[in-house]
Amino acid sequence: MPGERTMPFARSVIVTTALLGFAPAALVVAQTSAEALLSKMPRPKETSTAVSSLFAANAYQQKSINYQAKMGPESALKFFQSSLTSKGYVERKVNTTSGQWGFSVVFDLPPNLAMKPTIPGKTVVLVYQGTMLAPNTININARFEEI
């Protein structure tokens, strides 16, 4: 049976990585889907719509999340900078832009979150973008991308 052959292999990978001093947890994290990670991201309490997962052609694993919040771009950007930094994400300040229209911010992943890029030489990052829909309503989109 195929399951009988893969279990000893999986066990040997875990034992080998443990003997070499690698953290087996990195193997588990790498298997987490982008969609699952995005669904657990912090959201402002002012979120006014349900969070939905969307197909996103240019996103890592082609998944993104989208929702609206009753707030302005400055407070939304500050929320994500604070909440994601506290979770170990590191803001790439050179990529951060904001204005009355909304914001865009890029974060490097925490060291314990291993997401293998599909394109050699690229790095997986977390991207948040907010676009104002009305004076007090911002649309938030989050996704992982390779840059």
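Predicted model only: the values in this text are computed from it and were never measured.

Our next topic: helix α4 (residues 73-86). The end-to-end C-alpha distance of α4, which contains 14 residues, comes to 20 Å, matching closely the 20 Å that a straight helix rising 1.5 Å per residue would cover. The inward-facing, buried residues of α4 contact β2 (63-69), β4 (97-99), β5 (102-108), β6 (124-134) and β7 (137-146). Where α4 terminates, the next one or two residues include G88, which has phi positive at roughly 100°.

Before going further, it helps to spend a moment on the pairing of β2. In terms of burial, β2 is largely enclosed, as six of its seven residues are buried. In this structure, strand β1 (residues 52-55) lies alongside β2, joined through four bridges in antiparallel fashion. What sits directly across from S52, in β2, is N66. Where β2 lies against β7, six bridges are found, and the strand directions are antiparallel. If you follow Y67 over to β7, its bridge partner there is I140.

Scoring rules and cut-offs
- Residues numbered from 1 in each chain as written.
- Predicted model: local features only at pLDDT ≥ 70, side-chain atom pairs only at ≥ 80, totals over all residues.
- Heavy atoms only, no water.
- Helix = DSSP H or I, 4+ residues; strand = E, 2+ residues; numbered from the N terminus.
- Expected span 1.5 Å × (residues − 1).
- Contact = heavy atoms within 4.5 Å.
- Buried < 20%, exposed > 50% of the residue type's maximum accessible area, 1.4 Å probe, protein only.
- Pairing = 2+ DSSP bridges.

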